[in-house]
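Listed here are the chains, written in short residue letters.
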Amino acid sequence: MFENSGLTELIYYADRIPNECFKNCANLTSVKIENNLVYVGSMAFYSCTNLTSVLFSENAGSEFIYKQAFAECYNLEKLTLPNSSTYYEYEAFKNCKALSIVLFQVNSYISANDGSIFTGCKNLTTFEVDENHQEYKFNNNLLTSKDDKVIYLAPYGYNFGEYTIDECYETIAEGAFS
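Worth saying up front: this structure is predicted, and the values here are computed from it rather than measured. (Residues numbered from 1 in each chain as written. Predicted model: local features only at pLDDT ≥ 70, side-chain atom pairs only at ≥ 80, totals over all residues. Heavy atoms only, no water.)

### Remarks on the overall build of the protein
Looking only at helices and strands, one finds 0 helices and 15 strands in the protein. Since a compact globule built from 178 residues should have a radius of gyration of about 16 Å, the 16 Å found for the protein is in line with a globular shape. With the C-alpha coordinates aligned to their principal axes, the bounding extent of the protein is approximately 55 × 30 × 25 Å. Restricting the contact set of the protein to residue pairs at least 6 apart, pairs at least 24 apart contribute 44%. Mean positive and mean negative side-chain charge positions of the protein (11 and 23 charges, respectively) differ by 5 Å. (Helix = DSSP H or I, 4+ residues; strand = E, 2+ residues; numbered from the N terminus. Rg over C-alpha atoms; globule rule 2.2 N^0.38 Å. Contact = heavy atoms within 4.5 Å. Lys, Arg positive; Asp, Glu negative; His and termini not counted. Charge placed at Lys NZ, Arg CZ, Asp CG, Glu CD.)

So this is what it looks like as structure tokens:
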């Protein structure tokens with residue numbers, strides 16, 4: 001749709017982002033989602049190589065972010081997740097090599113994770129979680145439950161080396177260390 005259109009910034013208000021809609025928009029540097037979305041389609045922002053920031057505003061959520069929606073966005077540095085429970089298909093942010101921080105808003109939840117959401121995000125070493133989040137916290141380099149019973153996700157780029165998982169954890173989510 002907008003491939004190679006020269007688009008540089010996007011503020012989005014519609015309720016769906018179609019498959020491949022902004023694919024290969026090489027000049028696109030920032031995306032701000034203002035409304036609740038039903039979905040971000042497969043490969044919607046695939047290979048937007050100069051995209052540095054994706055922000056879902058406080059009032060914006062998304063039910064689904066489909067496969068490779070933001071994959072190969074090599075310069076994406078900062079991601080603010082939807083403020084909702086969201087189903088992420090595999091490789092949603094694959095090879096976003098500059099991605100170093102993912103922000104969880106107060107209502108950001110990962111409803112499904114096959115462990116490959118951030119595959120290839122070699123600089124992703126931390127998650128920032130809103131202090132008022134009801135379920136998540138970032139603890140000992142892991143996204144965990146507030147009660148320290150569940151490990152949900154490890155940052156893909158963090159080098160754990162030799163690591164001891166505390167005995168307080170009762171559950172490790174599928175794909176947490178993938």
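Alright, that's what it looks like, and here's the rest.
### A closer look at the environment of A69
Note on placement: A69 falls in the loop between β6 (62-65) and β7 (78-80). Since its relative accessible area comes to 0%, A69 is described here as buried. As for A69 and K23, which are separated by 46 residues in sequence, their C-alpha atoms are 9.0 Å apart. With residues up to four places along the chain from it excluded, the contact list for A69 reads V40, G41, M43, A44, F45, Y46 and A92. (Buried < 20%, exposed > 50% of the residue type's maximum accessible area, 1.4 Å probe, protein only.)

### Some words on the packing of aromatic side chains
Going through the model one piece at a time under the given rule, you end up with 19 aromatic pairs. Between the aromatic rings of Y12 and F22, the centroid separation amounts to 6.2 Å while the plane-to-plane angle is 85°, which identifies the pairing as edge-to-face. One end of the pair, Y12, is in strand β1 (residues 9-12); the other, F22, is in the loop between β2 (16-17) and β3 (30-33), with 10 residues separating them in the sequence. Like F22, Y12 is buried. Where F104 meets F127, the ring centres are 5.7 Å apart and the plane angle is 85°; that geometry is what we call edge-to-face. Taken together, the residues span a long stretch of sequence, with F104 in strand β9 (residues 101-104) and F127 in strand β11 (residues 126-129) at a distance of 23 residues. The pair F104 / F127 is uniform in exposure class, with both members buried. (Phe/Tyr/Trp six-rings, centres within 6.5 Å; stacked < 30°, edge-to-face > 60°.)

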